[in-house]
Amino acid sequence: MYLILLGAPGVGKGTQSKYLVESKGFIQLSTGDILRAEVKAKTDLGIVAKECMDKGTLVSDDIVLNMIKNKLIEISDNVIFDGFPRTLIQAEKFVDILKDLNKKIDKVINIALDDSIIEDRLAGRLVCKSCGKSYHKIFFKPRKAGVCDDCGGVLYQRSDDNLESVRNRLEVYHSTTKPLINYYDKNGILYNLDGNKESLELFNDIVNVLEEDI
Ligand code: AP5
Ligand code: MG
């Protein structure tokens, strides 16, 4: 199954992807995580991407589409696309990429959440440097402060989780990514879920969508 998790920054796409990887055997393809790895390795792509990511604007469609193409050569079944596509151009070109591979998107889950709640979530987010799992200073504390429960990695705050960048990311989401809800609705593969729920409750809703026949 090819599944897209759609939604504004901070709605829980990464958190839910990790649950799906652990319990349903999915592979998570997060364009944000791939870009952060490039930034960390200081590759040419990473140097270009860092400026956009810190400001909260989007990296160019060409860069992101190439990344996805290369990753899809390595993996095949049960993929979650987390944070991709994010523009209509990405969505349209993604269809062509998948056609060439004899694949299609099966379901798109849109997670909805108010901007004010998103700001609180991102202000308190902590991420594991090793496995990428998200925690929260208040809502989802690790058992031991600063340490990942799962792999013992060090927790850090993302450089784009400051108020200015978060507000920019939300603006970009509303102007550029939100129209994808309508795009996938017209395709008849969109499922809308309420993100303002305890994370395991939301996970349960996602599993129900996955188990529904198309
Ligand atoms: P990306 O890494 O994708 O960031 P994002 O879209 O801004 O989304 P986040 O990762 O911030 O949020 P999330 O939904 O994963 O939330 P999480 O589960 O962590 O992209 C970063 C940048 O890369 C972009 O700004 C752009 O520059 C670039 N980029 C990436 N993809 C691109 C593309 N396709 N095209 C162009 N540029 C691209 O949860 C957030 C917090 O809330 C955590 O603290 C978590 O513990 C907590 N939480 C989660 N669920 C709950 C819950 N149910 N209740 C309470 N707290 C919760
Ligand atoms: Mg994420």
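Residues numbered from 1 in each chain as written. Chains lettered and ligands numbered in written order. Predicted model: local features only at pLDDT ≥ 70, side-chain atom pairs only at ≥ 80, totals over all residues. Heavy atoms only, no water.

### Examining the sheet that holds strand 5 (residues 125-128)
Let me state the cut-off plainly: Note on pairing: two strands pair once DSSP finds at least 2 bridges between them. The helix and strand labels rest on DSSP assignments: H or I over at least four residues marks a helix, E over at least two residues marks a strand, and numbering proceeds from the N terminus.
Taken in spatial order, the three strands of this open sheet run 6-5-7, and their pairing is antiparallel. Looking at the sheet topology across the chains shown, the edges are occupied by strand 6 (134-136) and strand 7 (155-156). Here strand 5 pairs with strand 7 via two bridges, running antiparallel. Residue pairing in the sheet places Cys 128 in a bridge with Leu 155 of strand 7.

### So, the site of ligand 1
The cut-off we apply is this: The near set for a molecule or strand comprises every residue that places at least one heavy atom within 4 Å of it. We call two N or O atoms a polar contact when they sit within 3.5 Å, provided that within protein one can donate a hydrogen and the other can accept it, with sequence-adjacent residues counted only if both atoms are side-chain atoms. All accessibility values rest on the Shrake-Rupley procedure with a 1.4 Å probe; residue burial counts only the protein chains present in the view. Residue type decides the class: Asp, Glu, Lys and Arg count as charged, Ala, Val, Leu, Ile, Met, Phe, Trp, Tyr, Cys and Pro as nonpolar, and the leftover types, Gly among them, as polar.
The environment of ligand 1 is made up of 33 residues, and the closest members are Thr 15, Thr 57, Arg 86, Arg 125 and Tyr 135. A distance of 2.8 Å is found between an oxygen atom of ligand 1 and a side-chain nitrogen or oxygen belonging to Ser 134. Protein chains bury 96% of the 1000 Å² of accessible surface belonging to ligand 1 in isolation. Sorting the residues of the shell around ligand 1 by element identifies helix 1 (13-24), helix 2 (31-40), helix 6 (115-123) and strand 6 as the ones contributing at least two each. Looking at the shell around ligand 1 element by element, the count peaks at four residues for helix 2. Within the shell around ligand 1, the residues separate by chemical class into eleven nonpolar, twelve polar and ten charged.

### As for the packing of aromatic side chains
Two descriptors summarise a pair of aromatic rings, namely the distance from one centre to the other and the angle between the planes of the rings. Basically, it comes down to this: Here a pair means two rings of Phe, Tyr or Trp (six-membered ring of Trp) with centres within 6.5 Å. Their orientation is stacked below 30 degrees between planes, edge-to-face above 60, and tilted elsewhere. Under the scheme applied here, a residue whose accessible area is under 20% of the maximum for its type counts as buried, over 50% as exposed, and between as partly exposed, the area being computed with a 1.4 Å probe on protein chains only.
All chains considered together, the criterion is met by seven aromatic pairs. Centroid distance Phe 84 to Phe 94: 4.8 Å. Interplanar angle 80°. Geometry classified as edge-to-face. Of the two residues, Phe 84 is situated in the loop between strand 3 (79-82) and helix 5 (88-100) and Phe 94 in helix 5; the sequence distance between them amounts to ten residues. On the basis of relative accessibility, which here comes to 0%, the residue Phe 84 falls in the buried class. A residue is classified by how much of its surface remains accessible, and Phe 94, at 0% relative accessible area, is buried. Between Tyr 135 and Phe 140 the ring centres are 5.5 Å apart and the planes differ by 15°, which places this aromatic pair in the stacked class.

### Some points on empty space enclosed by the protein
Applicable threshold: In this analysis the probe radius is 1.4 Å and the grid spacing 1 Å, with only protein atoms considered; a cavity is a set of points the probe fits into but cannot get out of, a pocket is an open set with protein on both sides within 12 Å along at least five of seven lines, and lining residues have an atom within 4 Å of a point. Grid points are joined across faces, edges and corners, and a volume is the space filled by probe spheres set on the points.
According to the stated counting rule, one finds one cavity of 30 Å³ or more in the structure shown. When its volume is computed, the largest cavity comes out at roughly 50 Å³. Thr 15, Lys 18, Tyr 19, Glu 22, Lys 133, Ser 134 and Phe 140 together form the lining of the largest cavity. For the lining of the largest cavity, the leading source of residues is helix 1, giving four residues. For the lining of the largest cavity, a count of residues per class yields two nonpolar, two polar and three charged.

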